[in-house]
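# Geometric and topological summary
Residues per chain are reported as follows:
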Amino acid sequence: MAKTEDLKNLKIAQKMDMGKVEESMNETKKKLTSVQKEIAVVQKQVNVYEVKVEQKRSDRHGILKTCKMDDVTLPFVNGNMDDIDQEGGSFQLDGDSETPTEQSSSLSSRQIYDREAQIQIDFGSLPDRMRDLDGDDVKIEVERMKKEISDMQVHLHRVQAPNMRAVERLDGVQNRFHETNEEFENARKRAKKAKMAFEKIKKDRNDRFMNCFEHVSTRIDDIYKALAKNQSAQAFLGPENPEEPYLDGINYNCVAPGKRFQPMSNLSGGEKTVAALALLFAIHSFQPAPFFVLDEIDAALDNTNIGKVASFIREQTETQFQCIVISLKEEFYGHADALVGICPDPGDCTISRVITIDLTEYPDPMLQARREDEPHVVR
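Small disclaimer: the values here were computed from a predicted structure and weren't measured.

What follows deals with the overall build of the protein chain. Looking only at helices and strands, one finds nine helices and eight strands in the protein chain. Taken over 379 residues, the protein chain has a buried fraction of 20%. Pairs at least 24 apart in sequence give 55% of the contacts found in the protein chain among residues at least 6 apart. Carbon and sulfur atoms make up 54% of the accessible area of the protein chain, which totals about 28,700 Å².

On average, residues of the protein chain score 80 in pLDDT, and 88% of them are at 70 or above. Per-element confidence in the protein chain ranges from a low mean pLDDT of 57 for helix H9 (residues 365-373) to a high of 90 for helix H5 (residues 166-228). Long-range and interchain partners of residues 88-101, a stretch whose pLDDT sits below 50, account for 16 contacts in this model, where long-range means more than four residues apart. Throughout residues 375-379 the model reports pLDDT below 50, and contacts reaching past four residues in sequence, or to other chains, amount to one contact.

Okay, H5 next. The terminal C-alpha atoms of H5 lie 89 Å apart, and with 63 residues this matches the ideal 93 Å at 1.5 Å per residue to within 8%. At Ile220, H5 shows its largest bend, some 30°. Of the residues flanking the end of H5, it is Lys229, one or two places downstream, whose phi is positive at about 55°.

In this section: unusual backbone geometry. Backbone phi values are negative for most residues with the exception of glycine, while trans is the configuration of most peptide bonds. Not every positive phi belongs to a glycine, and Lys229 is a case in point at roughly 55°. With respect to the secondary-structure elements, Lys229 resides in the loop between H5 and strand E3 (234-239). The exposure class of Lys229 is partly exposed, given its relative accessible area of 41%. The backbone phi angle of Glu296 is positive, close to 50°, even though this residue is not glycine. Looking at the element boundaries, Glu296 is found in the loop between strand E5 (291-295) and helix H7 (303-319). Glu296 sits in the partly exposed class, given a relative accessible area of 37%.

Here we take up the nonpolar core. Counting residues in hydrophobic clusters, the biggest one holds 32 residues, and the most contacted among them are Tyr224, Leu227, Tyr252, Cys254, Phe281, Val309 and Ile313. Elements supplying a minimum of two residues to this core: H5, E3, strand E4 (250-255), helix H6 (269-286), E5 and H7. Looking at which element gives the most residues to this core, the answer is H5, with seven residues. With near-sequence residues (within four places) excluded, Ile313 lies in contact with Phe281, Leu294, Ile297, Cys323 and Phe332.

For the structure on display, the rule yields seven aromatic pairs. Ring centres 6.1 Å apart and planes at 80° place the aromatic pair Phe209 and Tyr246 in the edge-to-face group. Linking Phe209 in helix H5 with Tyr246 in the loop between E3 and E4, this pair joins segments that are 37 residues apart in sequence. Residue class for Tyr246 comes out buried when judged on its relative accessible area of 17%. Seen from their ring centres, Phe281 and Phe321 are 6.0 Å apart, and the 10° between their planes marks the pair as stacked.

It is worth spelling out the side chain of Asp298 at this point. Its location among the elements puts Asp298 in the loop between E5 and H7. At 5.3 Å, Lys329 is the nearest oppositely charged side chain to Asp298, a buried residue that forms no salt bridge. A distance of 2.4 Å separates a polar atom in the side chain of Asp298 from a polar atom in the side chain of Ser327. Excluding residues within four positions of it along the chain, Asp298 makes contact with Ile306, Ser327, Leu328, Lys329 and Phe332.

Moving on, we get to the environment of Met264. Positionally, Met264 belongs in the loop between E4 and H6. A C-alpha to C-alpha distance of 9.6 Å links Met264 and Asn251, two positions 13 residues apart in sequence. Those residues in contact with Met264 that sit more than four places away from it in its chain are Tyr252, Asn253, Cys254, Lys272 and Ala275.

A word on the pattern of salt bridges. Inspection of every chain in the model, using the stated rule, returns twelve salt bridges. Glu243 is the salt-bridge partner of Lys44, the closest N and O atoms lying 3.1 Å from each other. Here Lys44, found in helix H1 (residues 2-69), pairs with Glu243, found in the loop between E3 and E4; they are 199 residues apart in sequence, far enough to count as distant. Given a relative accessible area of 49%, Glu243 falls into the partly exposed group. With its nearest N and O atoms 2.5 Å apart, the salt bridge here joins Lys259 to Glu271. Of this pair, Lys259 sits in the loop between E4 and H6 while Glu271 sits in helix H6; the two residues are twelve residues apart in sequence, bridging distant segments of the chain. Under the relative-accessibility criterion, Lys259 is labelled partly exposed at 42%. Glu271 gets classed as buried once you look at its relative accessible area, which sits at 14%. Each of the salt bridges in this network shares a partner with another, and the network as a whole consists of Glu141, Arg144 and Glu148.

Procedures and definitions
- Residues numbered from 1 in each chain as written.
- Predicted model: local features only at pLDDT ≥ 70, side-chain atom pairs only at ≥ 80, totals over all residues.
- Heavy atoms only, no water.
- Helix = DSSP H or I, 4+ residues; strand = E, 2+ residues; numbered from the N terminus.
- Buried < 20%, exposed > 50% of the residue type's maximum accessible area, 1.4 Å probe, protein only.
- Contact = heavy atoms within 4.5 Å.
- Areas by Shrake-Rupley, 256 points an atom, 1.4 Å probe, with all protein chains shown as cover.
- pLDDT = per-residue confidence, 0-100.
- Expected span 1.5 Å × (residues − 1).
- Bend = angle between axes of the 7 residues up to and from the residue.
- Core = buried A, V, L, I, M, F, W, Y, C linked by side-chain atoms within 4.5 Å.
- Phe/Tyr/Trp six-rings, centres within 6.5 Å; stacked < 30°, edge-to-face > 60°.
- Lys, Arg positive; Asp, Glu negative; His and termini not counted.
- Salt bridge = Lys/Arg side-chain N within 4 Å of Asp/Glu carboxyl O.
- Polar contact = N/O pair within 3.5 Å; in protein donor to acceptor, adjacent residues only side chain to side chain.

Here it is as structure tokens:
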């Protein structure tokens, strides 16, 4: 008998070890899935950046070719106008395959781009304010210069005789130009500062959302299993927009114990209630509140599920929060510390009567037995 008992204990210990190993394997699988998703996102970003770089090289080639065709002299630090190839052109790939002609054109264009990459333009003659321009600021500056050139050309066509007061008008125009230029610089700095503030807020919003979402998505499965009292139950969250999840919705799906996966809309009323409670408690676990008021959450539950939900809430109230549950189901009453009943008081004028019962004077034998067994549980 002693040997049989030892073998039983050994079997139990081995089962517990197997459970720990399976739990470790599941955690490793989750981490692997997360890493694979991160790799996919990074690879997508790399592809986008490669396309942008190729487009920039094509744009640079087009600008250099236009300058050579229009005989625009450029100041060079390295290279000269002869290094600019006029035969190359920009191209785009819309598919995964290329014809021999497209492959030859792609190779020729890459060679042209590599050769032109050695060309260095001397930007020393540019004003300091223009060296700092980027993106839309460059387009704005180009459009402004084009407008000034157009206005000057129109003015030259209208001039029929020398204007002796032209110098005075020029001084006035220069003064206005300097004022306008100063206003432009101030506006550009404000725009840049606003853009930086916007990006900071956007990053902060994303970080806060992802901190909450990752915590809730991790906790919701454990809470759903605890509510259902069944380890085969599953609950998981997934964003519709993984890159910016706060712009779109969140998909929430549950697999009820003993059933196959189906959309949330196809679940029964009781299953939807348990799923909603799991989501509620998962969100609560991120920033716990000390107090809960739940109003008839058991309306769609049968007695079995009421007992499971009531047992879960009872366990949570021992360590996590205090709770008031408004219920009309007798199955809920036995799990409470106290009952407060509201009923009409008969008389000439109907008024509400409050009846209270302290249930702590009537300890639950099953709850006491569970508490007595807790120190002996191997953790």
